[in-house]
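# Fold and contact review
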Amino acid sequence: MRMRRGAQAGFSMIEMLITAFILAVGILGLTMLQTLSLRASRGSRSLASAILVAEQVMDRVEMEGRLSWLNLTDTNRSAPSIATDLPNLRYIVIPAGGQLVETFNIKGGATDSASADPAVSTPFFTVTTTRVPAAAVATGGMSDVSVQVQFVDMVDRTNTPIQRTLSLTRRIVHG
């Protein structure tokens, strides 16, 4: 069979334009999905760092409790001195009913204003540690320690910062 002259032998310009439009809408949708997933990833990374900071502060408070309990209960041996025996150990003492406010950088370490690296010198997390006396026991005391981490890692559609808060509470025995 012979082909007639004037018969179409390919795609028309309108078919190509419609195909390009459908492809553009699909790619735009995938781009928005990628943007949303990156935003969610940044938020979860900040939340994970906040949890690590809260656990780090709570470990320091628990260490103070263990050392003070050791001083109170073990009469045969003296507890290590933080200044001389354990110089690299950082722990915090919060008096009963007291509060301590610290700042940490985005990496989860203590803020160092002398550093040239803005990730180390810029405060990102504000940590408030509160100690509330819970009950007295025969040889020592117990207290409820609450660590609250506040940070801003996102803005809403009107560019208003969204304040996020993480709280961690434990009961600790002190000497």
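Rules and cut-offs
- Residues numbered from 1 in each chain as written.
- Predicted model: local features only at pLDDT ≥ 70, side-chain atom pairs only at ≥ 80, totals over all residues.
- Heavy atoms only, no water.
- Helix = DSSP H or I, 4+ residues; strand = E, 2+ residues; numbered from the N terminus.
- Phe/Tyr/Trp six-rings, centres within 6.5 Å; stacked < 30°, edge-to-face > 60°.
- Buried < 20%, exposed > 50% of the residue type's maximum accessible area, 1.4 Å probe, protein only.

Moving on, we get to unusual backbone geometry. At Asn 159, a residue that is not glycine, the phi angle is positive and equals roughly 60 degrees. For Asn 159, the location among the structural elements is in the loop between strand E3 (141-155) and strand E4 (161-174).

Turning to the packing of aromatic side chains, a few remarks are in order. Geometry of an aromatic ring pair is reported as the spacing of the ring centres plus the angle between the planes. Under the definition given, this model contains three aromatic pairs. With centroids separated by 4.8 Å and ring planes inclined at 90 degrees, the aromatic side chains of Phe 124 and Phe 125 adopt a geometry described as edge-to-face. On the basis of an interplanar angle of 35 degrees and a centroid distance of 6.0 Å, the ring pair of Phe 124 and Phe 151 is categorised as tilted. Residue Phe 124 is found in the loop between helix H2 (118-121) and strand E2 (125-136), and its partner Phe 151 is found in strand E3; the two are separated by 27 residues along the sequence. For the pair Phe 124 and Phe 151, a shared accessibility class is recorded, and that class is buried. What links up through ring pairs into an aromatic cluster is the set Phe 124, Phe 125 and Phe 151.

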